[in-house]
Amino acid sequence: MTLPFAFLQAEWPEVHDAARRAWGAAFPDPRAACFYARRALELAVTWAYRSDAALRFPYQDNLSALIHEPTFKAAAGEAVFSKARLINQLGNQAVHSEKAVRENDSVAAVRELFHVAYWFARTYARGARPEPGLT
């Protein structure tokens, strides 16, 4: 069985580790899942900025500023941008809110992370890219 996010492991082991942790925690620890989903997103987005000359660093280097920067939004497209924004929001809530994190939020964070990671790997992989239509 191929695990989700395996396509990240060869080129982005840190992103893969955080994504794998998010996936593994979705049900037993929803707060941790949202945290790790946000971490994986931040690692991937930061890598993209350092590696893609078309992306312009924004005025701040926090995740929200990075994903809202117009060159990133244009490169990612509206669907990926919306997914990244949701992951960021759920991750921030998991870290900063005292309210319980619901399983459906952790599942949403991991699901959206998969879509963002798939776009990221299809866009930036130097080696093998994930198969079209991978779910």
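In what follows, the accompanying structure is described. For clarity, every value in this text was computed on a predicted model and none was experimentally measured.

When helices and strands are counted, the protein shows 5 helices and 0 strands. Helices and strands in the protein line up, N terminus first, as α-α-α-α-α. At 14 Å, the protein has a C-alpha radius of gyration in line with the 14 Å of a compact globule built from 135 residues. In terms of overall dimensions, the protein has C-alpha extents of about 40 × 40 × 25 Å along its principal axes. Across the 135 residues in the protein, those meeting the buried criterion constitute 46%. Separation between the mean location of the 16 positive side-chain charges and that of the 14 negative ones in the protein comes to 2 Å.

With that settled, consider the packing of aromatic side chains. This model, assessed by the stated rule, comprises 13 aromatic pairs. With centroids separated by 5.6 Å and ring planes inclined at 70 degrees, the aromatic side chains of Trp 47 and Tyr 124 adopt a geometry described as edge-to-face. Taken together, the positions of Trp 47 in helix α2 (residues 30-51) and Tyr 124 in helix α5 (residues 103-124) put the pair 77 residues apart, joining distant regions of the chain. Between Trp 119 and Tyr 124, the aromatic rings sit 6.0 Å apart at their centres with planes inclined by 85 degrees, giving edge-to-face as the arrangement. Tyr 124 matches Trp 119 in its accessibility class, with the two residues each being buried. Three or more aromatic residues joined by ring pairs make a cluster, and in this case those are Trp 12, Trp 47, Tyr 49, Phe 57, Phe 72, Trp 119, Phe 120 and Tyr 124.

What follows covers the packing of helix α1 (residues 13-25) against α2. Interaxial distance between α1 and α2 falls to 7 Å at its minimum, and their mutual angle equals 160 degrees. One way to sum up the angle between α1 and α2 is to call them roughly antiparallel. The handedness of the crossing between α1 and α2 is left-handed. Where α1 abuts α2, its residues Glu 14, Val 15, Ala 18, Ala 19, Arg 21, Ala 22 and Ala 25 lie against Pro 30, Ala 32, Ala 33, Tyr 36, Ala 37, Arg 39, Ala 40, Leu 43 and Ala 44. Taken together, the residues that form the contact of α1 with α2 break down as 13 nonpolar, no polar and 3 charged.

Calculation notes
Residues numbered from 1 in each chain as written. Predicted model: local features only at pLDDT ≥ 70, side-chain atom pairs only at ≥ 80, totals over all residues. Heavy atoms only, no water. Helix = DSSP H or I, 4+ residues; strand = E, 2+ residues; numbered from the N terminus. Rg over C-alpha atoms; globule rule 2.2 N^0.38 Å. Buried < 20%, exposed > 50% of the residue type's maximum accessible area, 1.4 Å probe, protein only. Lys, Arg positive; Asp, Glu negative; His and termini not counted. Charge placed at Lys NZ, Arg CZ, Asp CG, Glu CD. Phe/Tyr/Trp six-rings, centres within 6.5 Å; stacked < 30°, edge-to-face > 60°. Axes fitted to C-alpha atoms, helices over the stretch in contact; angles between N-to-C directions. Parallel < 35°, antiparallel > 145°, perpendicular 65-115°, else oblique. Left-handed = near helix turned anticlockwise from the far one by under 90°. Contact = heavy atoms within 4.5 Å. Nonpolar A, V, L, I, M, F, W, Y, C, P; charged D, E, K, R; others polar.

Just geometry here; none of it tells us what the structure is for.
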